[in-house]
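Analysis of the macromolecular model
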Amino acid sequence: MASLFISVLLAAVCLECRAQKDNVLQPKGDVTATEGEAVTLGCQYNSISSNDYLFWYKLGGNNSPKFILSRFKIGTGKIEDEFKDRYSSTLNSTSRSVDLQISSAAVSDSAVYYCALQPTVTENTKTLYKNLWSKDNRILHNIH
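Conventions and cut-offs
- Residues numbered from 1 in each chain as written.
- Predicted model: local features only at pLDDT ≥ 70, side-chain atom pairs only at ≥ 80, totals over all residues.
- Heavy atoms only, no water.
- Helix = DSSP H or I, 4+ residues; strand = E, 2+ residues; numbered from the N terminus.
- Buried < 20%, exposed > 50% of the residue type's maximum accessible area, 1.4 Å probe, protein only.
- Polar contact = N/O pair within 3.5 Å; in protein donor to acceptor, adjacent residues only side chain to side chain.
- Pairing = 2+ DSSP bridges.
- Phe/Tyr/Trp six-rings, centres within 6.5 Å; stacked < 30°, edge-to-face > 60°.

The next point concerns the side chain of Q26. When you line up the elements, Q26 lands in the loop between β2 (23-25) and β3 (30-34). When its relative accessible area of 7% is taken as the criterion, Q26 is described as buried. Here the side chain of Q26 touches C115 through a polar contact of 3.2 Å, landing on its backbone nitrogen.

Before going further, it helps to spend a moment on the pairing of strand β7 (residues 65-72). In terms of burial, β7 is largely enclosed, as six of its eight residues are buried. Both strand β6 (residues 53-59) and β7 contribute to a ladder of seven bridges, which runs antiparallel. Within β7, the position partnered with Y53 by the bridge is F72. Here β7 runs beside strand β8 (residues 78-79); their pairing, made up of two bridges, is antiparallel. Across the sheet, residue S70 finds its bridge partner in β8, namely K78. Linking β7 to β8, which pair antiparallel, is a turn of five residues; within it G75 sits at a positive phi near 100 degrees.

Turning our eyes to something else, we now look at unusual backbone geometry. Positive phi, close to 55 degrees, is recorded for R96, a residue that is not glycine. Structurally, R96 can be placed in the loop between β9 (87-89) and β10 (100-102).

What follows concerns the environment of V31. By the element assignment, V31 lies in strand β3. By relative accessible area, which is 22% here, V31 ends up partly exposed. Spatially, the C-alpha atom of V31 lies 9.6 Å from that of S110, the residues being 79 residues apart in sequence.

Moving on, we get to the packing of aromatic side chains. Taken as a whole and judged by the stated rule, the model has six aromatic pairs. Aromatic side chains Y53 and F72 sit 4.9 Å apart centroid to centroid with 70 degrees between the ring planes, which places their arrangement in the edge-to-face category. With Y53 in strand β6 and F72 in strand β7, this residue pair connects regions lying 19 residues apart in the sequence. The exposure class of F72 is partly exposed, given its relative accessible area of 24%. Each ring, one from F55 and one from F72, has its centre 6.2 Å from the other, and the planes form 70 degrees; the classification is edge-to-face. Note that F55 is positioned in strand β6 and F72 in strand β7, a separation of 17 residues in sequence.

Right, here's the structure in full:
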């Protein structure tokens, strides 16, 4: 079986955070899996909001962010059609986590994944890059 390499973005994106009280934490390091194995990518969050909204994204080979799914404290959220078969997530407001599960890892899953408290990608990916770059445009924030 082929071995996979799935990178987890070590930091999280939090746009419009309120005094750094809203944030997400992802475990450091990479996740390696064998093709066909189940994979869980962790994400814990802190939010002063009474209604939690969490989002998962995947950065592909061209570094273009792709929306995977959203989860809400109230309601279910949304999942993109191309991810419905093998990707899932449940928001646990008690443990303040929203882990991403991939039921059967495939080579095509090799990518950088990140969770966010705010939607970071809509129609225009320039917004994501604008928010990740430092003010002097020399380094990306929180990406290792």
